[in-house]
Amino acid sequence: MINRNSGFENLTAGYLFPEVARRRREYLASHPDAKIISLGIGNTTEPLPEYIAKKMSDYVMGLATKEGYSGYGDEQGLTQLREKIAQVFYPGLVSGDEVFISDGAKCDIARIQTLFGANVKVAVQDPAYPVYVDGSVIVGAAGKNNGSGYEGITYMPCVPENNFFPDLSKIEKNSIIYFCSPNNPTGAVSTKDDLKKLVDFANANDCIIVFDAAYREFIRDEKLPKSIFEIEGSRTCAIEINSFSKPAGFTGVRLGWSVVPKELKFADGTPVHQDWNRVMTTLFNGASNIAQHGGLACLDKEGLAAMKSVIDYYLENAAIIKKTFEGENFKKLGAEVYFTGNSPYVWVKFPGKKSWDMFDSILDKCRVVTTPGSGFGPGGESFIRISAFGHKEDVQEACKRLASF
């Protein structure tokens, strides 16, 4: 028989979010009447903005006509959408043919690892979104877990003591650096000075940054950068990944994009853009035409205004959650609350406590689902992440319960 991919053998017991779902099911099995509120997984809850949904609906109805029907499109995405993303989000920074449309940021992050194969060094923020690590393990770039992390991965602690920006000197030369800002799960946003240090380090040490900017639209502080390409020197060392999932509610619609500058090259001088184009045209067949027309609507004046309104809604939820965890009952536990106002996540530390213990305790006492920080890496131990994605009335009810924890 064919041998199993050893990368799957090396994966630790379970992916974070299915484990959260399993514990929730077990709790409901023993408490069938419990009304659980989830502030865990970062899934959007509010309806699609009407303007954007109407544009998609009109396109769908057009598919029922000879004039409006469309079949396969370019795997790299609609030219109009690629150019519009470049103009709206990266004016003067990237060109439309450097933008590749996809079915979401997570999918791109997984696919992009095929560019580098198994014989590559990997560095991740710690804590970090699990797909950076798990995807690296599956392709064989990470080795086995020694109990404190995977052998082939450099973990860069991002903790309150370093203002959630890591010590870059830990990174080996010729590494892929996964970096997320606003960060999931901590919510921290790197400054321009921070990102300049990152870019300069990558260029000096022949590293490539995979910059996850999926939460860029939550940034309200105009002094903070929304894209790695705002930083001088980034075009020779960075790829950016982004998505319509959070700002437009496209978690189920599925639409994202990557930006690969033409100046970015492998050690042998081959443009990374060339190989990424091959990946997207060989291993992918293009994002849904319907979703892409929704993306075009998102970038109209009306769509941008609608997305801002959606983000404002979730940021208001986050402010309510932050205030709750700053309450007297959590102060007595020594809770430390971290929230920048530029992210949908509130990151809370309970010194001396285990993350999964706090998850279970909050679920049992308050019937509220959170996310244990240890699921994002060793540096997340003692933390929990609380998501602002929820109907406001549910968030308010959850905070009412939490206030009596």
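Let me begin by describing the structure that accompanies this report.

Rules used in this analysis
Residues numbered from 1 in each chain as written. Predicted model: local features only at pLDDT ≥ 70, side-chain atom pairs only at ≥ 80, totals over all residues. Heavy atoms only, no water. Phe/Tyr/Trp six-rings, centres within 6.5 Å; stacked < 30°, edge-to-face > 60°. Helix = DSSP H or I, 4+ residues; strand = E, 2+ residues; numbered from the N terminus. Buried < 20%, exposed > 50% of the residue type's maximum accessible area, 1.4 Å probe, protein only. Axes fitted to C-alpha atoms, helices over the stretch in contact; angles between N-to-C directions. Left-handed = near helix turned anticlockwise from the far one by under 90°. Contact = heavy atoms within 4.5 Å. Nonpolar A, V, L, I, M, F, W, Y, C, P; charged D, E, K, R; others polar. Expected span 1.5 Å × (residues − 1). Arc of directions from axis to C-beta. Pairing = 2+ DSSP bridges.

**Regarding the packing of aromatic side chains**
Phase 1 of the analysis: As enumerated under the stated definition, the model contains 24 aromatic pairs in all.
Phase 2 of the analysis: Taking the centre distance of 6.3 Å and the plane angle of 70 degrees together, the rings of F17 and F376 count as edge-to-face. Taken as a pair, F17 in helix 2 (residues 16-30) and F376 in the loop between strand 12 (371-372) and strand 13 (383-387) lie far apart in primary sequence, 359 residues in all. The residues F17 and F376 share a single accessibility class, namely buried.
Phase 3 of the analysis: Taken together, a centroid distance of 5.3 Å and an interplanar angle of 5 degrees make the contact between F89 and W257 stacked. With F89 in helix 4 (residues 79-89) and W257 in strand 8 (residues 256-259), this residue pair connects regions lying 168 residues apart in the sequence.

**Some details on the packing of helix 5 (residues 105-112) against helix 9 (residues 272-282)**
Phase 1 of the analysis: Packing of helix 5 against helix 9 leaves a shortest axis separation of 11 Å and a crossing angle of 115 degrees. Helix 5 and helix 9 meet at a crossing whose hand is right-handed. Mapping the contact onto sequence places D108, R111 and I112 in helix 5 and W276, V279 and M280 in helix 9.
Phase 2 of the analysis: Among the residues forming the contact of helix 5 with helix 9, the class breakdown is four nonpolar, no polar and two charged.

**A few points about helix 7 (residues 192-204)**
Phase 1 of the analysis: Spanning 13 residues, helix 7 covers 18 Å between terminal C-alpha atoms, matching the ideal 18 Å at 1.5 Å per step.
Phase 2 of the analysis: For helix 7, every residue scored as buried is listed here: D194, L195, L198, V199, F201 and A202. With its buried residues spanning 165 degrees around the axis, helix 7 presents them on a single face. Set apart from the buried face of helix 7 by more than 90 degrees, the exposed residues are D193, K197 and A204.
Phase 3 of the analysis: Residues of helix 7 that are buried in the fold lie against strand 5 (175-180) and strand 6 (208-212).
Phase 4 of the analysis: D206 sits one or two residues past helix 7 and shows a positive phi near 55 degrees.

**Remarks on the sheet that holds strand 13**
Phase 1 of the analysis: Taken in spatial order, the four strands make up an open sheet running 9-10-13-12, and their pairing is antiparallel. The sheet is open, and its two edges are formed by strand 9 (336-338) and strand 12, each paired on a single side.
Phase 2 of the analysis: Two elements, strand 10 (residues 345-349) and strand 13, share five bridges in a ladder whose sense is antiparallel. Along strand 13, the bridge assignment pairs V348 with I384.

Keep in mind that these numbers describe shape and distance, not what the molecule does.
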